[in-house]
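# Summary of structural features
If you want the building blocks of each chain, they are given just below.
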Amino acid sequence: MATHQHQLLQHAAGMAVQQHTHVLSGGAAMAEMLRRYEVGPIFGMGGFQLLPFYEACRALGLRHTLINDERCGIFAADAYARVTNRVGVVDATLGPGATNLVTGLAESLNAGIAIVAIVADAHRDHAWKNMTQEARQLEVLRPVVKEIIRVESIKRIPEHVRRAFAVATSGRPGPVVIAIPEDISHAEHEFLESELFIDAPTNSFQSRRSRPAPDDVLRAVDLIRKAKRPLILAGGGVHISQASDALLALARSEGIPVAHTMSGKGAIACNDPLSAGVFGRYDRVANGLIAESDCLIVVGCKLGEVATKRFTLIPPTTPLIHIDVVAEEIGRTTKADVALVGDARLALEDIAATLGDGSARLRARQSYLAEVPMKLAEWNETAKERTTSQETPINIGRILGELNRILPEDAVLVADGGFAAHWGALLFDTKRAGRHFVANRGFASIGYGLPGGIGAKLGVGDARIVVALTGDGGFNMTMGELETAKRVGANFVLCVFNNAASGYVKALQHSMYGAGHYQSSDLHEMNYAEVANKMGCLGIRVEDPEKLAEAFQAGFSNKDSPTLIDIVVTRDPARMLPAVDNRTLKVNKGDRPV
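Described below are features of the structure shown in this document. (Residues numbered from 1 in each chain as written. Predicted model: local features only at pLDDT ≥ 70, side-chain atom pairs only at ≥ 80, totals over all residues. Heavy atoms only, no water.)

## Section: empty space enclosed by the protein
A water-sized probe rolled over the atoms picks out the places where empty space is left. Enumeration according to the criterion identifies two cavities of 30 Å³ or more in this entry. Quantified by volume, the largest cavity comes out at close to 40 Å³. Of the residues contributing to the lining of the largest cavity, the split by class is four nonpolar, two polar and three charged. Taken as a whole, the second largest cavity holds about 30 Å³ of empty space. Around the second largest cavity, the lining residues are Arg-82, Met-262, Ser-263, Arg-435, Phe-437, Val-438 and Ala-439. Residue classes in the lining of the second largest cavity are distributed as four nonpolar, one polar and two charged. (1 Å grid on protein atoms, 1.4 Å probe; cavity = no way out; pocket = protein on both sides within 12 Å on 5 of 7 lines; lining within 4 Å. Points joined across faces, edges and corners; volume = space filled by probe spheres on them. Nonpolar A, V, L, I, M, F, W, Y, C, P; charged D, E, K, R; others polar.)

Structure (structure tokens):
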């Protein structure tokens, strides 16, 4: 017996000796783990601390994309993650590289987008001795991420990377920082092959799903069964959960119209008969439907300021079912009668299964369902003044009208954080379910349009069209990334709304203080098409609305470079906003008008 045990121990020892090993620097171990996670493009700008990581990216053939500003790098990674539901990856060097990530990390945290950010940190033997570019960077980053993981031991790098991907993709997804000190990045360690495993389901989101409590589902179902005018309010969480199919199945089987937030556009196709369009600060007919509803079903939406018109939209006595993966979001801004804590897709599937055959309820709601497309058709007629406008300078509504007419159903429209997003949310129609409208509503930072276009294009590939909308102010902030787009072959179409102003601010000043009361909201008149041409891209300037379609087609057919269409739009601040005419707008003291 003792001899047999001795033989087993010798065999086990032999197996351990034979296990394949990898001698890797800390930076190379990080890169090797990313390779195994099959990450997409990595956006970053190098520095001494991360040189081993960069060398490993080269040796391993990882797609690393040099950007000109770290904020734009994380915007690009964020857009890539939105259109693929895969983790976006960005890196930054010590000090200013790390702190430049703050705005983009805040966007991803608020919007629930999975990001892994690799940040260089100071050499531990010399930290806090006035090292070059050293700062309390992790304290700066902590409030805008889900978790910070600082590497203190090189052998734990594989474990830390697995943890970062698990945290980034579970619950409400969000950004995670891995901070790697210089000495660990440059040091070497012998890793066993068995230590370099990955947790494959966490390379995309939603990775960890949970169901709501069955008793809560029964309470929600009871409200839906009784309702004559139920309405679904879909937020960006529908896309995060990839819940569009489950949402549409429930809506069709029960006869429930679907309205959406700006981030939730595409929860179902905008041209579906059940679509009620956007609700909130900007709407077509959905706000009226909310007022008349007898049961609201909120799915993956935080019910924040824009979605609720500064918390005035949702009637306090209307029964409300709120589905959210983050328990503490439910009831935060609006009373919920039933809280369903869990993944949106699983919650919708559980509701549908518990409801059972909805054919009788569907028949009873036919007259209600008929109202939605009829009201939308009436609204669309009133919108033609903008969507088919002949005026010059060009009405932004005409731009969205042209895009609705000519974009294929698999196209992606990226909208910058200013009124590009607001015009797009109100007037752009997705032709199929899914994330075909990308707007950075988590933090609504200006400057997302150009880098977001890069990330979206790299995410969806050459075969699909990507159009990005930005203002001249947003383009001025990020102009250098046009060089990035050209260099990496991200051949998308960037539309610059050229109104020679910080248009949203100027329109607000006009609405609050009247004509002529403008301060620090005007820009120099520029020809951005000439700028694009000088940067090796195709630049087209459009001043006649009848030339828009031709310019778009030229951009779609251009496979050699990005295309910038410089569109001269209205200079009248009374006509810059999408949902109101400021000439007739009345603003009460203390209100935010739009």
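Having seen it, we continue.
## Structural notes on the packing of aromatic side chains
In the structure shown here, the tally under the stated rule is six aromatic pairs. Aromatic pair Tyr-37 and Phe-165: ring centres 4.0 Å apart, planes at 10°, arrangement stacked. One end of the pair, Tyr-37, is in the loop between helix H2 (26–36) and strand E2 (42–45); the other, Phe-165, is in helix H8 (residues 157–169), and 128 residues separate them in sequence. Of the two residues, Tyr-37 and Phe-165, neither departs from the other in class, the shared state being buried. Each ring, one from Phe-53 and one from Tyr-54, has its centre 6.0 Å from the other, and the planes form 75°; the classification is edge-to-face. We classify Phe-53 as buried; its relative accessible area is 1%. (Phe/Tyr/Trp six-rings, centres within 6.5 Å; stacked < 30°, edge-to-face > 60°. Helix = DSSP H or I, 4+ residues; strand = E, 2+ residues; numbered from the N terminus. Buried < 20%, exposed > 50% of the residue type's maximum accessible area, 1.4 Å probe, protein only.)

## As for the layout of surface pockets
If you add up the space inside the second largest pocket, you get close to 410 Å³. Arg-284, Asn-380, Asn-404, Leu-427 and Asp-429 are, among the 26 residues lining the second largest pocket, the residues nearest its centre. Counting residues per element, the ones that place at least two in the lining of the second largest pocket are strand E11 (275–278), helix H16 (366–387), helix H17 (396–406) and helix H18 (419–427). Considering each element in turn, the lining of the second largest pocket owes the most residues, seven residues, to H16. When the residues that make up the lining of the second largest pocket are grouped by side-chain class, the tally is 11 nonpolar, nine polar and six charged.

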